[in-house]
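Listed below are the residues making up each chain.
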Amino acid sequence: MKGSSRDKEKREFIICIGLLIVAAILEMNTNHHPMSWINRILPIIKIRGITFYLGGIVLIILIYNVFRKLYSLKGWRIFNKDGKCFIWTLIFIVLIDAINPKVVQTIKMLESGLDAIYLDRDALMEFNFSNTSEGGMTSYKTEGHITLINCSNQTVGPFKVKVILPESGNNLNGEFESLEDYYLAPKEQRTIKLTLEGKLDESKRINMLRKNFEVVLWNDKEQVRFLSE
């Protein structure tokens, strides 16, 4: 009976560790999409201007109960009170958020070409737009900068940069392309100042400062996309 009890505890312990690993993965995001996996799977609820991240709530409940179960199995005193479990839950979430970029960059070390490029969102800036009108069409120019990291051991390039504006309320959508080619040396981190141009119907209007846009790196062979938010 004691052996059976130990086997059961061992199985439950392995399940707890497995659930923590799953929770860590669900909390992470890919570099191409800033939202965590759990928030992409479960709906985000908006009520009267208040946003509820259902995925985040589910994740907190899951991690909290795993820590409580670990205390019941192992008697670990760091989890012996509900308050301590909640604090360790928050520490776990903050820790995973902190290591997320390094994990993604490590994975990208195994990639090649444009897939090996990491977009540093912490250094991502808004794009400012200006325009001139002629013959019923408006020529727009946008200036801004992005920081890219080549995680591989090979030079990446040439590639061009495109910024795509999604539909947003009364703001129009459109595409702006770089006028030059870019290269990244192995392991190079580089902040690229961009001046992009495009043409759009002047009957529409644009917000001159946009934070929501899509960055596309492309060449004749491939392309990769990054959402800003």
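Only a predicted model underlies this, so the values are computations on that prediction, with no experimental measurement involved. (Residues numbered from 1 in each chain as written. Predicted model: local features only at pLDDT ≥ 70, side-chain atom pairs only at ≥ 80, totals over all residues. Heavy atoms only, no water.)

Attention shifts here to the pattern of salt bridges. In total, this model carries 3 salt bridges according to the counting rule given. Across the salt bridge formed by Glu12 and Lys69, the nearest N and O atoms sit 3.6 Å from each other. You can see Glu12 sitting in helix H1 (residues 2-27) and its partner Lys69 sitting in helix H3 (residues 54-74), a full 57 residues away along the chain. Assessed through its relative accessible area of 22%, Glu12 is described here as partly exposed. (Salt bridge = Lys/Arg side-chain N within 4 Å of Asp/Glu carboxyl O. Helix = DSSP H or I, 4+ residues; strand = E, 2+ residues; numbered from the N terminus. Buried < 20%, exposed > 50% of the residue type's maximum accessible area, 1.4 Å probe, protein only.)

In this structure's numbering, the residues bearing the UniProt feature "transmembrane region" (unreviewed entry) are residues 12-30 and 50-67. With 84% helix and 0% strand, the stretch residues 12-30 has end C-alpha atoms that lie 30 Å from each other. Along residues 50-67 one finds 78% helix and 22% strand; the C-alpha atoms at either end are 30 Å apart. (UniProt positions renumbered as here; feature names shortened; annotations may be inferred.)

As a further point, take the layout of surface pockets. Within this model, the largest pocket holds a volume of roughly 270 Å³. Lining of the largest pocket is provided by 13 residues; of these, Asn29, Pro101, Tyr118, Arg121 and Asp122 occupy positions nearest its centre. Sorting the residues of the lining of the largest pocket by element identifies helix H4 (82-108) and strand E3 (117-119) as the ones contributing at least two each. In the lining of the largest pocket, the residues fall into 5 nonpolar, 4 polar and 4 charged. Computed from the structure, the second largest pocket encloses a volume of approximately 220 Å³. (1 Å grid on protein atoms, 1.4 Å probe; cavity = no way out; pocket = protein on both sides within 12 Å on 5 of 7 lines; lining within 4 Å. Points joined across faces, edges and corners; volume = space filled by probe spheres on them. Nonpolar A, V, L, I, M, F, W, Y, C, P; charged D, E, K, R; others polar.)

Bringing the pairing of strand E12 (residues 223-227) into the picture now. Where burial is concerned, the two faces of E12 differ: the one with Val224 and Phe226 is buried and the one with Gln223, Arg225 and Leu227 is not. Following strand E11 (residues 214-218), the chain reverses through 4 residues before pairing antiparallel with E12. (Pairing = 2+ DSSP bridges.)

Two aromatic rings, taken as a pair, are described by how far apart their centres are and by the angle between their planes. Taken as a whole and assessed by the stated rule, the structure comprises 2 aromatic pairs. Their ring planes at 80° and their centres at 6.2 Å tell us that Phe67 and Phe92 sit as a pair that is edge-to-face. Placement of Phe67 in helix H3 and of Phe92 in helix H4 is noted, with a sequence separation of 25 residues between them. Using a relative accessible area of 15% as the deciding quantity, one classes Phe92 as buried. Seen from their ring centres, Phe159 and Tyr182 are 6.2 Å apart, and the 40° between their planes marks the pair as tilted. Here the residue Phe159 occupies a position in strand E6 (residues 156-165), and Tyr182 occupies one in strand E8 (residues 182-184), the gap between them amounting to 23 residues. Across the pair, exposure class does not vary: Phe159 and Tyr182 are buried alike. If you follow Arg40 out to its NZ or CZ, it ends over the ring of Trp37, 4.5 Å from the centre. (Phe/Tyr/Trp six-rings, centres within 6.5 Å; stacked < 30°, edge-to-face > 60°. Lys NZ or Arg CZ within 6 Å of the ring centre and 35° of its normal.)

A surface patch of nonpolar side chains, about 640 Å² in accessible area, is lined by Ile45, Ile47, Ile50, Phe52, Leu54, Ile57, Val58 and Ile61. Those elements that provide at least two residues to the nonpolar patch are strand E1 (44-47), strand E2 (50-53) and H3. If you tally residues by element for the nonpolar patch, the top one is H3, at 4 residues. Assignment of secondary structure puts Ile61 in helix H3. (Patch = residues over 30% accessible without salt bridge, like charges linked within 9 Å, V, L, I, M, F, W, Y side chains within 5 Å. Areas by Shrake-Rupley, 256 points an atom, 1.4 Å probe, with all protein chains shown as cover.)

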